[in-house]
Amino acid sequence: MVLTKQRSIIKMTDNNIITAYKANPAAGFKLLLDEYQEKIYWHIRRLVVTHEDAEDVMQETFIKIFKSLDTFRGDSSLATWLYRIATNESIRLLRKQRPETLAQDDDGYTLADKLEASEYVDYGDETAVRFQKAILSLPDKQRIVFNLRYYDELTYEQIANITGDKVNTLKVNYHIAKEKIKTLMINS
């Protein structure tokens with residue numbers, strides 16, 4: 001009995017959230033936040049690296065979600081729609097930052113520089129640091145696909161709904177990303 005009750009609490013469905021939002025936007029949005037805020041934060045954090053940037057992107061993401069939740073058509077799951085918005089907002093921030101940071105640093109700017117300045121990983125765990133640096137060295141598309149597949153354990157179909165890419169393209173990007181990470185882990 002307890003297990004069944006616990007599952008129903010944990011498994012808030014998209015329909016329940018949307019229905020609650022239509023009945024009472026504030027209460028429905030709170031349900032959405034309760035269900036997805038932490039997952040979306042860590043997805044964003046893995047893309048932009050610093051807590052400060054992740055907080056900024058989270059704020060922009062959830063403002064956009066709140067403003068457009070009543071237009072959600074259900075063509076994809078609510079989760080993939082949320083991830084799509086968060087991914088696009090993360091990419092927008094990264095693109096906005098790149099030109100100014102490249103102009104300040106003639107040697108080139110990398111997300112690994114941000115990693116070293118943040119508390120994102122345990123620097124006592126050398127393997128974890130090398131792993132994160134390897135992920136951050138990937139091109140944006142490969143890094144996004146790798147993070148969504150590896151950390152968020154999404155299917156290629158779900159990732160396709162988030163990124164707009166074809167499943168076969170995503171599989172190739174994930175495979176290439178894994179190989180690059182392995183190579184970098186071995187050679188660093």
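Residues numbered from 1 in each chain as written. Predicted model: local features only at pLDDT ≥ 70, side-chain atom pairs only at ≥ 80, totals over all residues. Heavy atoms only, no water.

1. Some remarks on the packing of helix 8 (residues 140-150) against helix 10 (residues 167-187)
Relative to each other, helix 8 and helix 10 sit at 90°, their axes nearing to 9 Å. The orientation of helix 8 with respect to helix 10, classified from their angle, is roughly perpendicular. Across the interface between the two elements, Gln142, Val145, Phe146, Arg149 and Tyr150 from helix 8 touch Leu170, Asn173, Tyr174, Ile176, Ala177, Lys178, Lys180 and Ile181 from helix 10. When its residues are assigned to classes, the contact of helix 8 with helix 10 shows eight nonpolar, two polar and three charged. (Axes fitted to C-alpha atoms, helices over the stretch in contact; angles between N-to-C directions. Helix = DSSP H or I, 4+ residues; strand = E, 2+ residues; numbered from the N terminus. Parallel < 35°, antiparallel > 145°, perpendicular 65-115°, else oblique. Contact = heavy atoms within 4.5 Å. Nonpolar A, V, L, I, M, F, W, Y, C, P; charged D, E, K, R; others polar.)

2. Overview of the nonpolar core
Of all hydrophobic cores here, the largest spans 46 residues; its most connected members are Leu32, Ile40 and Leu78. Those elements that provide at least two residues to this core are helix 2 (14-23), helix 3 (25-48), helix 4 (51-68), helix 5 (78-104), helix 7 (126-136), helix 8, helix 9 (156-163) and helix 10. The element contributing the most residues to this core is helix 5, with ten residues. (Core = buried A, V, L, I, M, F, W, Y, C linked by side-chain atoms within 4.5 Å. Buried < 20%, exposed > 50% of the residue type's maximum accessible area, 1.4 Å probe, protein only.)

3. Details of the packing of helix 3 against helix 4
Direction vectors running N to C along helix 3 and helix 4 enclose 145°, while the axes themselves pass 9 Å from each other. Between helix 3 and helix 4 lies a crossing of right-handed hand. Contact residues: helix 3 offers Pro25, Phe29, Leu32, Leu33, Gln37, Ile40, Tyr41, Ile44, Arg45 and Val48, while helix 4 offers His51, Asp53, Ala54, Glu55, Val57, Met58, Thr61, Phe62, Ile65 and Phe66. (Left-handed = near helix turned anticlockwise from the far one by under 90°.)

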